Amino acid sequence: MICKVANNIKPCEIETSLSSLSFLFVCLFLELDRMMIYIFVSVFHLSSAALTSTCSPQDDFDLPVFMNNGDLTIGGIFPLHYRVELPSTDYIKRPLAAQCQGFDPRAFRWALSMKLAVEEINNRKDLLSNHTLAYKIFDSCSTPVTAQKAVLEVLNGQDVVQSSMCSGAGPLLGLIGESGSSQSIVLSRTVQPFQIPMISYFSTCSCLSDRKQFPTFFRVVPNDDYQVKAIAQLLKKFGWTWIGVVIEENDYGKFALQGLKREIENTNICLAYHEIIPKDYKQEKVLKILKVMKESTAKVVVVFSVEGEFYPFLREFVTQNISGIQWIASEAWVTASVLAETYPFLDGTIGFAIRQGHIPGLQDYLKTVTPERYPSNPQVQELWEALYGCSPSTSSLNSHLPSCTGKETLRQEHAAYMNTSSPRVTYNVYKAVYAFAHSLHNLIHCRPGNGPFENFSCANLNNVFPWQLQHYLEAVSFSVSGENVNFDDKGDSVPYYDLINWQKHSSGDIQFVKVGLYDGAQHSGRQLVIKEQAIMWSNQQNKVPVSVCSNSCAPGFRTAARRGQPLCCFDCVPCESGKISNETDSVDCLSCPEDYWSNANGTVCVPKVVEFLSHDAMGITLTVIAIVGAFLTVTVLVIFLYNRGTPIVRVNNSELSFFILLSLTLCFLCALVFIGEPTSWSCMLRHTAFSITFSLCISCILGKTLVVLAAFTATRPGNNIMKWLGPTQQRIIIFCCTLVQVVICTVWLVVSPPFPYKNTKYQQSKIILDCSVGSDLAFWSVLGYIGVLACVCFFLAFLARKLPGNFNEAKYITFSMLIFCAVWLAFVPAYVSQPGKFTTAVEIFAILASSFGLLLCLFAPKCYIILLKPEKNTKQHLMGKVIK
C-alpha cells in the first residue's frame, strides 16, 4: 500500500537505490508507534519490485477528503468521525477494513477552515507571492491507528490521473493535525524521522511539550499544564474542595489527571474519585462509574474528554436519575454544540475554552459546500445526512434515509456546523495554516549571506526540505485577527483561555457565554478573572453550588482529619484555651502571646485579666478592718495615756504597754501596704515593715513577760533579779530582739529583695500581679524569727500563769501568744495553697487576726477595769490576792 522516496529526509540528497530505500523503510518501521504489520510486509515487496521500477498498493486506501495542487504542500488530518468499528475476525481469513462511524460536522468545519485559509493565502499578493500552497486533507476517525494510516497516505505521492497512492513520494513540508493528543503522539512520531514539522490545533497533552520526544511538534493551543492550573484556581475560587474527575482512556485524559493532581497536591482540594471512560465502550463499565458518582457526596465533576467519548457516557447518565452535578468542562468539549443540543441538563456547565478569533467569510464559505457542488465527495454526503437526516439523491449511502436534493439551505440552527460567531478550534486551524504560510514566506525571502544555515546560506527554493521549514517555524511571529502568534522553545503558544458558562436561553437553547478569562502570561494572582455575577448555575440558579466533604470550620475551630479519609474530610474541633483561629478551616490554632488570652469564642486574643488585691470588695473590707484595728489601738493608747497614773496602767511597766500599742498600730497599718498594685517599693516595704513591727511588738511582750515573771520571783528572800530587769535592761532587750530582725531584713533587701512579678503559670487566663519574696530563705527566716520570739513569750508566760495576784498579766500573755501562734501556723498551708490575690489576702488576714488577738487579750481586760470597773483600779485590789 505504502511507497516512500527518501529524497527529502536529510539535508542532502540520497541515491534512490534498492539498498537505501529498504534501509529507510526499516528505520521508519522502528520509529512508528503501534505500526501496522502489513507495512513491514510492504518493505519486502517493494524491494523485490524495485528492479522493475513499479509499485502497487498492498491494501485499500482512502482518498483525500479534499486536495489541490500547488508549489508547496501541507497536509491536514481531522477527526471527521467519532469512532471506528473494528470488524470481527477469526484469524483464518483476512479481516474486513475498519469502518468509521458517527460523522462530526464540527470537525468537518475545521477541515473546511484549512481549505479556506489555503485558498485565501493563494489569493493574496503580500504572502507567498508567485507561490501557491497545496493541501491534502484526510480523516483520522478519532483513533490513533486510523490517524497513522492517514499520515502515511499524506506522505505518499498521488497520481492525479490514475488516482494512485503509490506513484512516489509526496513533497510534504508540514502537517496540520490532530485534535486528540493520542493521535498527535502517533502522528508526530511517524513524521519525526522525516523531520516534518507538525502543528496541532487541539492537542493539549502536556507530554507533547517534551522536545526530546517530539522535536518537530508545534501547537497553536495551550498545553494542559495551564488548563489544569486554571481549573485548580477555579476550584479554589468557588470553594469546591471535594470533586470527582472523569477522564477518557488515552494520553490526554491521563496526563490531564496527573497535572490536576499535581496542582491540588498542596491545597485543601481532594479527589473523591477519578474514573476512566473505557475506550472500548461497554455499558457495564459505564454503569459502575455512574454508580460511584451517584453514591459520592462530591457535586462538582471535572471531565477531561472529547465530545465523541463523552456523548455515549451522558446517554447512560440520563437514565440513572443523578442530579445536582456541577460539570467542569475541559477545553475538548466546553464548546461542543452537539452536547448542548442533546443534553439540556448540562446547563450551568463551566469550563475553559481556547481563545476565540475571527475568520472573515467563514460562514459564507461553509454554505458553498453542498452535495450539489461536491457530488462525489462522501464526506459532504454524510454532512447532509447528519444535518438534515436525509440522503442526497447523488449518494448511495444510507439508502434507508429519505432522499433530498442536496440543495437545502444551511441554517443557523445547524450549530454544530454553522456556529461561526465565536470560532475557537476552527480559528486554531486557521492560525496553523497561516503559521506555515508565514514561515514559508520568510524562507522564500531569505537573502544569501544572511541565511540561517551553513555558511549563512538560504534554502534551495527548487528543493525545500521540511527541516528547513521548521527552523523558520520556530522563529515565526505574525498577527492574525489582531492576535500575535508565535511559539516558545517547546513549540507551545501563549496560554490563554476564555471561561465559558452554559446558560439556558428563554427559548430553551443553551448558549455559550464568556464569563471570564485565564491569561497564563500574567503574574500569579492576576491570571484568573471571573465575572461572578454573570454566571448562571444549573437550573438557572445564581447561588454557587457547594461541594465539600465536610462543612467549613468556623473561626474558633480547627480541622481534625478523619482517619483513613482524605484531608478534605475532617471534624471541627474547638481551639484550646489560650489558642485562637481567626480564619475559616484553620488547620491549627495559634497560641496567644504571653500577656493575651483567647476570648470565649476562640477567635481573637484579648489582654489577660490582670488580677491583684485591689480596692474591690475584698480589698475594701480588709482596708476597713485594718483601719478599725488601728483606730481601736490608738483609742486604747489614748485611754492609757489619760489614765497613765492609775495602778492598772502602771503595773508591769507602763512604758512597755505604750510600745506594744504603738507597734500594734503599725501592724494594723502595714496591712494597707499589701493592698493595691504591687510596685518595687511596696513589695520591699510590705514584708520588711510587717516583720519589723511584729518583732518590735513581740519583743515588748517578751520584756513584759520577763518583768512579770521576775517581779513575782523577786519576792523570795535573797533574790535580787529585778536589778537586772530594770527599765534600761528592758529597753536593751527590746532593742536587741528587734535589731536581729532589722539585720535579717537588711540582708534580705540587699541580697535578693522582693519584687513585683506577673504570675501566668498558675492560671493561664489571668495575669496575677504579686510580689515575689525574692529569697525564700529570707522570707521564712523572718517569719521563723517572729515565731521563735512568740514561742519564748508563750513558754515564759505559761510558767507565770499561776503566780498570785488579781491581775496576773501572764495569763493574758499566754492566751495571746496561743492565738498568735495558732494564726501563723494556719497561715503557712493557706499561704502556700492559695493563688493570686488570695495569697495576699491570707497574709493580711494573718496580720490582722494576730494583731487583734494581741490587742484584745492584752488590753481589753485593762480597758474593762478602767472604763467600767474603776473601783477595781486600785493597788489594794490588784495586790489583794498576794495579801491573802
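What counts and what doesn't
Residues numbered from 1 in each chain as written. Predicted model: local features only at pLDDT ≥ 70, side-chain atom pairs only at ≥ 80, totals over all residues. Heavy atoms only, no water. Helix = DSSP H or I, 4+ residues; strand = E, 2+ residues; numbered from the N terminus. Contact = heavy atoms within 4.5 Å. Areas by Shrake-Rupley, 256 points an atom, 1.4 Å probe, with all protein chains shown as cover. Axes fitted to C-alpha atoms, helices over the stretch in contact; angles between N-to-C directions. Parallel < 35°, antiparallel > 145°, perpendicular 65-115°, else oblique. Left-handed = near helix turned anticlockwise from the far one by under 90°. Nonpolar A, V, L, I, M, F, W, Y, C, P; charged D, E, K, R; others polar. Buried < 20%, exposed > 50% of the residue type's maximum accessible area, 1.4 Å probe, protein only. Salt bridge = Lys/Arg side-chain N within 4 Å of Asp/Glu carboxyl O. Pairing = 2+ DSSP bridges. Phe/Tyr/Trp six-rings, centres within 6.5 Å; stacked < 30°, edge-to-face > 60°. Expected span 1.5 Å × (residues − 1). Polar contact = N/O pair within 3.5 Å; in protein donor to acceptor, adjacent residues only side chain to side chain. UniProt positions renumbered as here; feature names shortened; annotations may be inferred.

Participant: Residues and numbers for the overall build of the protein chain, please.
Facilitator: Scanning the protein chain from terminus to terminus reveals 24 helices and 29 strands. Put simply, of all contacts in the protein chain between residues at least 6 apart along the chain, 67% involve residues at least 24 apart. Surface exposure of the protein chain reaches about 40900 Å², of which carbon and sulfur atoms provide 57%.

Participant: I'd like a description of the packing of helix 6 (residues 224–237) against helix 7 (residues 251–263), backed by residues and values.
Facilitator: Where helix 6 contacts helix 7, the two axes come as close as 9 Å, and the packing angle between them is 50°. The orientation of helix 6 with respect to helix 7, classified from their angle, is oblique. The hand of the helix 6/helix 7 crossing is right-handed. Within the contact between the two elements, helix 6 uses Asp224, Asp225, Gln227, Val228, Lys229, Ile231 and Ala232 and helix 7 uses Tyr252, Ala256, Gly259, Leu260, Arg262 and Glu263. Tallied by class, the residues present in the contact of helix 6 with helix 7 amount to six nonpolar, two polar and five charged.

Participant: Provide a residue-level description of unusual backbone geometry, including the pertinent values.
Facilitator: Of the consecutive residues Gly177 and Glu178, the connecting peptide bond is found in the cis state with omega at -5°. Here Glu178 is to be found in the loop between strand 6 (172–176) and helix 5 (181–191). In the Ramachandran plot, Cys141 falls in the positive-phi region, its phi being about 55° despite a non-glycine side chain. As for its position among the elements, Cys141 is in the loop between strand 5 (133–139) and helix 4 (144–155). Of the residues examined, Cys141 reaches a relative accessible area of 1% and is grouped as buried. Although it is not a glycine, Ser481 adopts a positive phi angle of roughly 55°. Among the secondary structure elements, Ser481 is positioned in the loop between strand 16 (477–480) and strand 17 (483–486).

Participant: So what about the pattern of salt bridges? Which residues, and what values?
Facilitator: Two side chains carrying opposite charge are able to pair once their charged atoms lie near each other. One pass over the full model with this rule turns up 15 salt bridges. Here Asp498 makes a salt bridge to Arg424, at a shortest N to O gap of 2.8 Å. One end of the pair, Asp498, is in strand 18 (residues 496–504); the other, Arg424, is in the loop between helix 13 (415–418) and helix 14 (425–444), and 74 residues separate them in sequence. Summarising the burial analysis for this pair, Asp498 and Arg424 share the class buried. Between Glu655 and Arg731 there is a salt bridge, with the nearest N and O atoms lying 2.8 Å from each other. Of this pair, Glu655 sits in helix 18 (residues 654–670) while Arg731 sits in helix 20 (residues 727–751), and the two are 76 residues apart along the sequence. The exposure class assigned to Glu655 is partly exposed, which follows from its relative accessible area of 25%. Via salt bridges that share partners, Arg424, Asp498 and Lys514 belong to a single interconnected network.

Participant: So what's going on with the sheet that holds strand 7 (residues 198–200)? Residues and values would help.
Facilitator: Read from one edge to the other, the open sheet built from six strands follows the order 1-5-2-6-7-8, with strand pairing classed as mixed. Pairing within the sheet leaves two strands with one partner each, and these edge strands are strand 1 (66–68) and strand 8 (217–219). Across this sheet, the average inter-strand angle for adjacent strands is 25°, counted without regard to direction. Inspection of the sheet shows strand 2 (residues 72–78) paired to strand 5 by seven bridges, in the parallel sense. Bridge pairing in strand 5 places Phe78 opposite Asp139. Sitting on the sheet, helix 5 touches strand 2, strand 6, strand 7 and strand 8, and the angle it makes with strand 7 is about 170°.

Participant: Report on the packing of aromatic side chains, specifying residues and quantitative values.
Facilitator: Scanning all chains against the criterion turns up 37 aromatic pairs. The interplanar angle of 45° and the centroid separation of 5.1 Å between the aromatic rings of Trp502 and Phe512 together place this pair among those described as tilted. Separated by 10 residues along the polypeptide, Trp502 in strand 18 and Phe512 in strand 19 (residues 510–519) bring together distant segments of the chain. Under the relative-accessibility criterion, Trp502 is labelled buried at 0%. Ring plane angle 70° and centroid distance 4.7 Å describe the contact between Phe668 and Phe852, whose orientation is recorded as edge-to-face. With Phe668 in helix 18 and Phe852 in helix 23 (residues 836–867), the pair connects residues that are 184 residues apart, well separated along the chain. The exposure classification of Phe668 matches that of Phe852, with both residues buried.

Participant: Report on helix 8 (residues 283–295), specifying residues and quantitative values.
Facilitator: End to end, helix 8 covers 18 Å across 13 residues, agreeing with the expected 18 Å (1.5 Å per residue, within 8%). Considering only its buried residues, helix 8 is in contact with strand 9 (242–248), strand 10 (270–277), strand 11 (300–304), helix 9 (307–319) and strand 12 (326–329).

Participant: Can you break down the side chain of Asn223 residue by residue, with the values?
Facilitator: For Asn223, the location among the structural elements is in the loop between strand 8 and helix 6. For Asn223, a relative accessible area of 5% corresponds to the buried category. Only 3.3 Å separates the side chain of Asn223 from the side chain of Ser209, close enough to count as a polar contact. A polar contact of 3.0 Å, which involves the side chain of Asn223, links it to the side chain of Asp492. If we skip the residues at most four places from it in the chain, Asn223 touches Thr204, Cys205, Ser206, Ser209, Asp492 and Tyr497.

Participant: Outline the UniProt feature "transmembrane region" (unreviewed entry) in the protein chain, supporting the account with residue identities and numerical values.
Facilitator: In the UniProt entry, the feature "transmembrane region" (unreviewed entry) is given for residues 617–642, 654–676, 688–712, 732–751, 777–800, 812–832 and 844–867. The span residues 732–751 carries 100% helix and 0% strand; its end-to-end C-alpha distance comes to 28 Å. For the annotated span residues 812–832, helix accounts for 100% and strand for 0% of the residues, and the straight-line distance between the end C-alpha atoms is 31 Å.

Participant: I'd like a rundown of the pairing of strand 2, residues and numbers included.
Facilitator: Buried residues dominate strand 2, accounting for seven of its seven residues. Here strand 2 shows a buried face lined by Leu72, Ile74, Gly76 and Phe78 and a second buried face lined by Thr73, Gly75 and Ile77. Here strand 2 runs beside strand 6; their pairing, made up of four bridges, is parallel. Following the sheet pairing, Gly76 is matched in strand 6 by Ile176.

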